[in-house]
Amino acid sequence: MCGIVGVTGTDRSLSILIEGLKRLEYRGYDSAGVYVNDLHGHDYLIKRPGRIANLEAALTDDINGLAGIGHTRWATHGGPSEANAHPHYSSDNRFYLVHNGVIENYAQLKKEYLGEVTFRSQTDTEVIVQLVDKFVVENNMTTEAAFLKVLRLISNDSSYAFVLMDREQPDTLFVAKNKSPLLVGLGDGYNMVGSDAMSMIKETKKFMEIGDHELVIVKPDHVDIKDFTGNDKTRNPFEVDIDANSADKGAYPYYMLKEIDEQPAVMRKLVQQYFGDSDQPQINEELLKSMAESDHIYIIGAGTSYHAGLVGSRIFERLCGVPTSVHISSEFAYEQPLLSKKPFFIFLSQSGETADSRQVLVTINENKWPSLTITNVDKSTLSREATFTELLYAGPEIAVASTKAYTAQIAVEAILAKAFGEFIGNPEAKKFDVKHQLGLVANGMQAITDSKKTLEEVAARFLSKPRNAFYIGRGIDWTVSLEAALKLKEISYVQAEGFASGELKHGTIALIENNTPVIGIITQDRTAGLTRSNLDETEARGANIITIVSRHLAQEDDTIVLPDVDQMLSPLLSVVPAQLLAYYTSLGKGLDVDKPRNLAKSVTVQ
Ligand code: AGP
């Protein structure tokens, strides 16, 4: 959701900006723009609606610079257009600003200070750049002082990552953030800022964190950090170990297919990372002690991560015997339930940047409650701000539809539950050989991804035409049906629902008509027969039935048969056919599988 890149101190600035923006494409966007300045009085601003390719097509050979800012915009205030695209600039063409986030009090600031100004866009961002200009020109303030004054006027509930440039100090990037992600990248003789490390990874592995409510001045040869009262702060850089090539698509037509296929390797990597040569998971003992002091585990997440939490809660309760509840972060943030006396919080987030989840973590930290973030992105905001972090080791996930992060989240939850259950002496944990099971899961995933042809045919036959579809199941199969339906709706635009199969007859069965696809997930001994009966009820009303069934429960006419693993880990397998069904349905409709409409990979606004 909006990507930002900035650079100062190199004649490769324009290409660094474009490369960075391309690496941020996964976040979702609908327009793009760059501003570059050659430090000798020439500057260029180019913005285009649509893809970065449109922006590149508009770049002529004479456009170059030694410093600049770039932006991919995901529309919030005003539709996607050249006028609403960033960078935004002041009426006198002196200041240029890119922004990720939402300024909640922009209308009030506009009314109070900028009544005379003619605006070129409908954005909240333009208000900020015009306001900086006003304070510099009318109040004779320095740019730094004016920017600081504007930052103090922005309401606390707003979110922003800003990079501001001033034509009169063209080698300087004025940077600030609140809630939205932004990092400094330290190059050799030049410096950068970017929404994530991947956007700068071709240039450097050395980064510097930016805290909320800090003003950061980035020059080619140094970086100054101050708090909002003007006090200097010091900060050590950190290094990240990411392979710049791991985010490439290789021979795959879409990232999503590559990421689905990577799942067996991710399972094996997790075993290697968390077990090494041991049979016991290697988990930070301080984390286990902190969990042991709690009386209730609260799992917080959004979208797919929330769905992974629904599976995880069942695993924690079985292996650890500790009550575990799961909450949608955007709900928890504003309707906090009555909590137990000693809560422990687990945040699930692939990106580690989701604003809704971060909002909850802010409250958790205010109350000094312990927390763990399970994320794919080391040093991401949720990782930095939680007490503990455990990583997913899934490699960059670029497709908007999350696949390998979901299965990695469940696997890490299972590894943690095993370690914690044993730490507190729960016999169920001792009995459960998660290392062996994850090996079986990896092989099972491989077998499913090897049978793509069947899934492509099922998608073409049953899912290409209908407007609606249902995934149904009971217990843990129901939680997978929620994730399966989310996959289908987000990339193929089929209105799909995941449903507890026993609930159908209480209302929803009224929606079943001739040829409505109903996909049953059946992996649990206790509920298999009941879900089959519920499928029969829909078939009797005209539905087309598709079944995803564990081998030991399979019948002759089942559609997709899954290898057997421990039933608690069956979601790691049953979700894979659903991911592939969504992929082939989207592909068959000629849609952009990796970048579905209206969606962003990293949802950094609330
Ligand atoms: C799922 O395919 C979506 N991309 C979305 O639901 C995602 O899981 C959600 O936005 C949470 O993201 P996070 O894991 O990065 O916090």
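Report follows, based on the coordinates. (Residues numbered from 1 in each chain as written. Predicted model: local features only at pLDDT ≥ 70, side-chain atom pairs only at ≥ 80, totals over all residues. Heavy atoms only, no water.)

Here strand 21 (residues 468-473) pairs with strand 22 (residues 495-500) via six bridges, running parallel. When the bridges of strand 22 are listed, Tyr 471 appears paired with Gly 498. Following the chain from strand 21 across helix 17 (residues 476-492) to the adjacent parallel strand 22, one finds a crossover that is right-handed. (Pairing = 2+ DSSP bridges. Helix = DSSP H or I, 4+ residues; strand = E, 2+ residues; numbered from the N terminus. Right-handed = clockwise from strand over helix to strand, strands pointing away.)

Moving on, we get to the sheet that holds strand 5 (residues 88-89). An order of 5-6-7-8-12-13-14 is seen for the seven strands of this open sheet, with the pairing classed as antiparallel. Two strands close off the open sheet at either side, each with one partner strand: strand 5 and strand 14 (232-233). The sheet strands contacting helix 4 (residues 124-139) are strand 5, strand 6 (95-102) and strand 7 (159-166), and the helix crosses strand 6 at an angle near 140 degrees. (Contact = heavy atoms within 4.5 Å. Axes fitted to C-alpha atoms, helices over the stretch in contact; angles between N-to-C directions.)

Quick look at the site of the ligand now. Inspection of the region around the ligand gives 15 residues, with Ser 305, Ser 349, Ser 351, Thr 354 and Glu 490 positioned closest. In this structure, an oxygen atom belonging to the ligand sits 2.6 Å away from a side-chain N or O atom of Ser 351. Protein coverage of the free-state accessible area of the ligand, which is 410 Å², stands at 91%. Every element with two or more residues in the shell around the ligand is listed here: helix 9 (303-320) and helix 17. Classifying every residue of the shell around the ligand gives five nonpolar, eight polar and two charged. (Near = heavy atom within 4 Å. Polar contact = N/O pair within 3.5 Å; in protein donor to acceptor, adjacent residues only side chain to side chain. Areas by Shrake-Rupley, 256 points an atom, 1.4 Å probe, with all protein chains shown as cover. Nonpolar A, V, L, I, M, F, W, Y, C, P; charged D, E, K, R; others polar.)

All right, on to the pairing of strand 17 (residues 324-328) then. Looking down a regular strand, the side chains alternate between one sheet face and the other. Burial analysis of strand 17 places four of its five residues in the buried class, which makes it a mostly covered element. Two strands pair when backbone bridges link them, and strand 16 (residues 296-301) and strand 17 are joined in this way by five bridges, in the parallel orientation. Residue Ile 297 lies in a different strand from strand 17, and its bridge partner there is Thr 324. Running through helix 9, the crossover from strand 16 to the neighbouring parallel element strand 17 is right-handed. (Buried < 20%, exposed > 50% of the residue type's maximum accessible area, 1.4 Å probe, protein only.)

Put simply, helix 13 (residues 404-423) and helix 15 (residues 434-449) touch, their axes get as near as 10 Å, and they point 165 degrees apart. The angle between helix 13 and helix 15 places the two elements in the roughly antiparallel class. The element helix 13 and its partner helix 15 pack so that their crossing is right-handed. Counted together, Thr 407, Ala 411, Ala 414, Ile 415 and Lys 418 of helix 13 and Val 434, Leu 438 and Met 445 of helix 15 form the full contact between these two elements. When the residues that make up the contact of helix 13 with helix 15 are grouped by side-chain class, the tally is six nonpolar, one polar and one charged. (Parallel < 35°, antiparallel > 145°, perpendicular 65-115°, else oblique. Left-handed = near helix turned anticlockwise from the far one by under 90°.)

Okay, the pattern of salt bridges next. Within this structure, the stated rule accounts for 31 salt bridges. Residues Glu 209 and Arg 384 are paired through a salt bridge, measuring 3.3 Å at the closest nitrogen-oxygen approach. Placement of Glu 209 in strand 11 (residues 206-209) and of Arg 384 in helix 12 (residues 381-385) is noted, with a sequence separation of 175 residues between them. Residue class for Glu 209 comes out partly exposed when judged on its relative accessible area of 28%. Across the pair Lys 418 and Glu 422 runs a salt bridge whose closest N-O atoms are separated by 2.7 Å. Note that Lys 418 and Glu 422 are positioned in helix 13 at a spacing of four residues, about one turn of the helix. (Salt bridge = Lys/Arg side-chain N within 4 Å of Asp/Glu carboxyl O.)

Let us look at the nonpolar core. Membership of the largest hydrophobic core comes to 122 residues, with the highest contact counts inside it found for Met 267, Ile 346, Leu 416 and Tyr 471. Counting residues per element, this core draws most heavily on helix 13, at twelve residues. Excluding its chain neighbours within four sequence positions, the residues that come into contact with Ile 346 are Met 291, Ile 297, Tyr 298, Ile 299, Ile 300, Phe 316, Leu 372, Ile 374 and Leu 416. If you look at the next biggest cluster of nonpolar residues, it comprises 27 residues, including Val 127, Ile 128, Phe 162 and Ile 217. (Core = buried A, V, L, I, M, F, W, Y, C linked by side-chain atoms within 4.5 Å.)

Glancing now at the packing of aromatic side chains. In this structure the tally under the stated criterion is twelve aromatic pairs. Where Tyr 35 meets Tyr 96, the ring centres are 3.8 Å apart and the plane angle is 10 degrees; that geometry is what we call stacked. Highlighted residues: Tyr 35 in strand 2 (residues 31-37) and Tyr 96 in strand 6, separated in sequence by 61 residues. Each member of the pair, Tyr 35 as well as Tyr 96, is classed as buried. (Phe/Tyr/Trp six-rings, centres within 6.5 Å; stacked < 30°, edge-to-face > 60°.)

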